[in-house]
Structures are given as structure tokens and as C-alpha cells.
Amino acid sequence: AQYGFLAGLKDSTDWLTGHRIKIKQRIDYCLKRIDEIEGIECQAPGGAFYLFVHIMDENIVSDKKWVLDLLHQHHVLVVHGSGFSPEFGSGHFRMVCLPPVEILEKAFDCIDQFING
């Protein structure tokens, strides 16, 4: 760990600019897709690489069941929001924005189909 710490202080960080751009593009893509899917909404993160998405269907039994149904029916894995906070996370799911856009595109197509048929 100490060698990694030293490398972080002394090695070039030129790669970081390209990495930030790539992550920003993926987050922007996710926010755009969420905005296009009726039934979910999300605020832009302040710097994180994950999103906390609100499921707007008031008839869902639980966000945990919703997430498991999405996984079993469409093979898309997200995390139920109530696992982070039963009070504030209920009715949400958390997803990361790190996969390539091609993977995110397939996942959002499945989420859209799951929600809207």
C-alpha cells in the first residue's frame, strides 16, 4: 500500500483527465436515459459515479422486490435503495455509471421494458 501511495504522489496523472471525461460522458448518458424513461427520475450527482434513482410507481410493494424482479426478468442488477436507508432510500435504486455506454444502453433498454412494457 505504501508503494501505491508513493506512486500516487509521484507518478504522472495525465491519464486522469481522459478518465474524468469518460466517466462524465457515462453519467450524462445515464441521466439522459433516465429522463427519457417514464416512471423513474433522478437528480444529477455532485461528483459520485453512481446514481440514486427514484421509482415513481406508488404501487410497488418494496424497492427490494422491484430490484429482484428486474434482475430475474431482465438480468439487470441494481441495488435497492432501502438497503442504504429504510427511511430515505425506500422507493429508489442505486446504480453505477462506470460500465461502457454500450452496456448501459442495454441495461436502460431492459429497465424501460420492465417499467413500461
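What counts, and at which threshold
- Residues numbered from 1 in each chain as written.
- Predicted model: local features only at pLDDT ≥ 70, side-chain atom pairs only at ≥ 80, totals over all residues.
- Heavy atoms only, no water.
- Helix = DSSP H or I, 4+ residues; strand = E, 2+ residues; numbered from the N terminus.
- Contact = heavy atoms within 4.5 Å.
- Areas by Shrake-Rupley, 256 points an atom, 1.4 Å probe, with all protein chains shown as cover.
- Lys, Arg positive; Asp, Glu negative; His and termini not counted.
- Charge placed at Lys NZ, Arg CZ, Asp CG, Glu CD.
- Core = buried A, V, L, I, M, F, W, Y, C linked by side-chain atoms within 4.5 Å.
- Buried < 20%, exposed > 50% of the residue type's maximum accessible area, 1.4 Å probe, protein only.

Draft legend 1. Layout of the overall build of the protein chain. For the protein chain, the count of helices and strands is four helices and four strands. Scanning the protein chain from its N terminus toward the C terminus, one meets helices and strands in the order α-α-β-β-α-β-β-α. By its C-alpha atoms, the protein chain is 55 × 30 × 25 Å across when sized along the principal axes. Once local pairs closer than 6 in sequence are excluded, the contacts in the protein chain between residues at least 24 apart make up 56%. Carbon together with sulfur atoms contributes 55% to the accessible area of the protein chain, which is approximately 8,100 Å² in total. Of note, the protein chain has its 11 positive side-chain charges centred 10 Å away from the centre of its 16 negative side-chain charges.

Draft legend 2. Structural view of the nonpolar core. Ranked by size, the top nonpolar core spans 23 residues in total, and within it L51, F93, M95 and F108 carry the most contacts. Elements with a minimum of two residues in this core: α2 (14-36), β2 (50-55), α3 (63-74), β4 (92-96) and α4 (101-116). Among the elements that take part in this core, α2 stands out by supplying six residues, more than any other. Every residue in contact with F108, bar those within four places of it in the chain, is listed here: Y29, C30, R33, I34, I37 and M95.

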